[in-house]
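As a plain string of letters, each chain reads:
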Amino acid sequence: MKDKIHFSPVILDPNTANPWFHLSNDLTSVRYGDTYQQLPDNPERNTKYSTVLGSEGFSSGKHSWEVEVGDHPAWNVGLAKESVDRKGECSASPKDGIWCLLYCSGKYTNSLSETVTVKKSLQRIRVQLDYDRGEVSFYNPEDMTPIYTHRDTFTEKLFPYFSVGKAGDAKTTDIKLHDVSHSLAVE
């Protein structure tokens, strides 16, 4: 029997965006800006680290979306639990409620700080959550090559999680979310 994965249109939540982050008008892309914005320090805002969360969280089912990273030199995509610390010290790791794939200094790592090997430089990442099975998986959507799967027990709502550093000389200044509006059957 095949299960359906819901490709979720992920919209960024501006109330969670770090003040250095500049979101597109349609809330589907984010870049690290040149200016610090004067934004309200509401409880859900990420002030310690340059992160932003998706506007909708998941507490059951299978969900998937894609993130275009292009040649951006520093990014981090995945999921964060609703209660993740947004004001203080927090590492991008499962112990702090973040399951992710990171790219920095030409190296891919998982949320356990382990190097992840990819065949070629990733331009896009598909993030897939199977909440009920406790899996967060990352794929190269070009050919659906698996990159990494993290297994855990989830006990609260999870939100799409994004972090991006300064673009420097990269052509890609924003990381962009893509809606994949069809279903994919998986074994």
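Residues numbered from 1 in each chain as written. Predicted model: local features only at pLDDT ≥ 70, side-chain atom pairs only at ≥ 80, totals over all residues. Heavy atoms only, no water.

> How would you sum up the sheet that holds strand β8 (residues 107-110)? Please name residues and give values.
A sheet is described by the order of its strands in space; here 5 strands give the open sequence β4-β12-β6-β7-β8, paired in antiparallel fashion. Looking at the sheet topology across the chains shown, the edges are occupied by β4 (51-53) and β8. Mean inter-strand twist for the sheet, computed between neighbouring axes without regard to direction, equals 15 degrees. Summarising the sheet, strand β6 (residues 74-81) and strand β12 (residues 158-164) pair through 7 bridges and their orientation is antiparallel. (Pairing = 2+ DSSP bridges. Helix = DSSP H or I, 4+ residues; strand = E, 2+ residues; numbered from the N terminus. Axes fitted to C-alpha atoms, helices over the stretch in contact; angles between N-to-C directions.)

> Outline the pairing of strand β3 (residues 29-32), listing residues and values.
Where strand β2 (residues 21-23) and β3 come together, 3 bridges link them in antiparallel fashion. Its bridge partner being in β3, Leu23 is matched across the sheet by Val30. Here β2 folds back onto β3, and the loop between the two strands holds 5 residues, one of which, Leu27, carries a positive phi near 60 degrees. Relative to strand β13 (residues 175-178), β3 runs antiparallel, the two sharing 2 bridges. By the bridge assignment for β13, Val30 is matched with Ile175.

> Got a sec to walk through the packing of aromatic side chains? Specific residues and values, please.
Under the criterion given, the structure shown has 9 aromatic pairs. Each ring, one from Trp20 and one from Tyr32, has its centre 5.8 Å from the other, and the planes form 10 degrees; the classification is stacked. Of this pair, Trp20 sits in the loop between β1 (3-7) and β2 while Tyr32 sits in strand β3, placing them 12 residues apart in sequence. Trp20 gets classed as partly exposed once you look at its relative accessible area, which sits at 30%. (Phe/Tyr/Trp six-rings, centres within 6.5 Å; stacked < 30°, edge-to-face > 60°. Buried < 20%, exposed > 50% of the residue type's maximum accessible area, 1.4 Å probe, protein only.)

> Requested: an account of the confidence of the model for the chain, with residues and values cited.
Averaged over the chain, the pLDDT score is 88; the fraction of residues at 70 or greater is 91%. pLDDT under 50 marks residues 182-187. Its contacts with residues more than four places away, or in other chains, come to 17 contacts. (pLDDT = per-residue confidence, 0-100. Contact = heavy atoms within 4.5 Å.)

> Kindly report on the layout of surface pockets, identifying the contributing residues and their values.
In this model, the second largest pocket occupies a volume close to 170 Å³. Those elements giving two or more residues to the lining of the second largest pocket turn out to be β4 and β12. Its residues placed into classes, the lining of the second largest pocket shows 7 nonpolar, 5 polar and 2 charged. (1 Å grid on protein atoms, 1.4 Å probe; cavity = no way out; pocket = protein on both sides within 12 Å on 5 of 7 lines; lining within 4 Å. Points joined across faces, edges and corners; volume = space filled by probe spheres on them. Nonpolar A, V, L, I, M, F, W, Y, C, P; charged D, E, K, R; others polar.)

> I'd like to hear about the state of the cysteines, residue by residue, with values.
Inspection of the entire model under this criterion finds 0 disulfides. For the unlinked cysteine Cys104, the closest cysteine sulfur is that of Cys100, found at 12 Å. Residue Cys104 is classed as partly exposed on the basis of its relative accessible area, which comes to 46%. (Disulfide = S-S within 2.5 Å.)

> Tell me about the pattern of salt bridges, and please be specific about residues and values.
Summed over the entire model, instances satisfying the criterion amount to 7 salt bridges. A salt bridge links Arg124 to Glu66, with the shortest nitrogen-to-oxygen separation between them at 2.7 Å. Taken as a pair, Arg124 in strand β9 (residues 124-130) and Glu66 in strand β5 (residues 62-68) lie far apart in primary sequence, 58 residues in all. With its nearest N and O atoms 3.4 Å apart, the salt bridge here joins Asp96 to Lys95. Judged by relative accessible area, which is 22%, Asp96 ranks as partly exposed. Classification of Lys95 by relative accessible area gives exposed; the value is 66%. It is possible to trace a salt-bridge network through shared partners that takes in Glu66, Arg124 and Arg126. (Salt bridge = Lys/Arg side-chain N within 4 Å of Asp/Glu carboxyl O.)

> A description of the environment of Asp96 should follow, citing residues and the corresponding values.
Along the chain, Asp96 turns up in the loop between β6 and β7 (98-104). Along the chain, Asp96 and Val164 lie 68 residues apart, while their C-alpha atoms are 19 Å from each other. Among residues more than four places away in sequence, those in contact with Asp96 are Lys81, Val84, Cys90 and Ser91. Of note is the side chain of Asp96, whose polar atom sits 3.4 Å from the side chain of Lys95. (Polar contact = N/O pair within 3.5 Å; in protein donor to acceptor, adjacent residues only side chain to side chain.)

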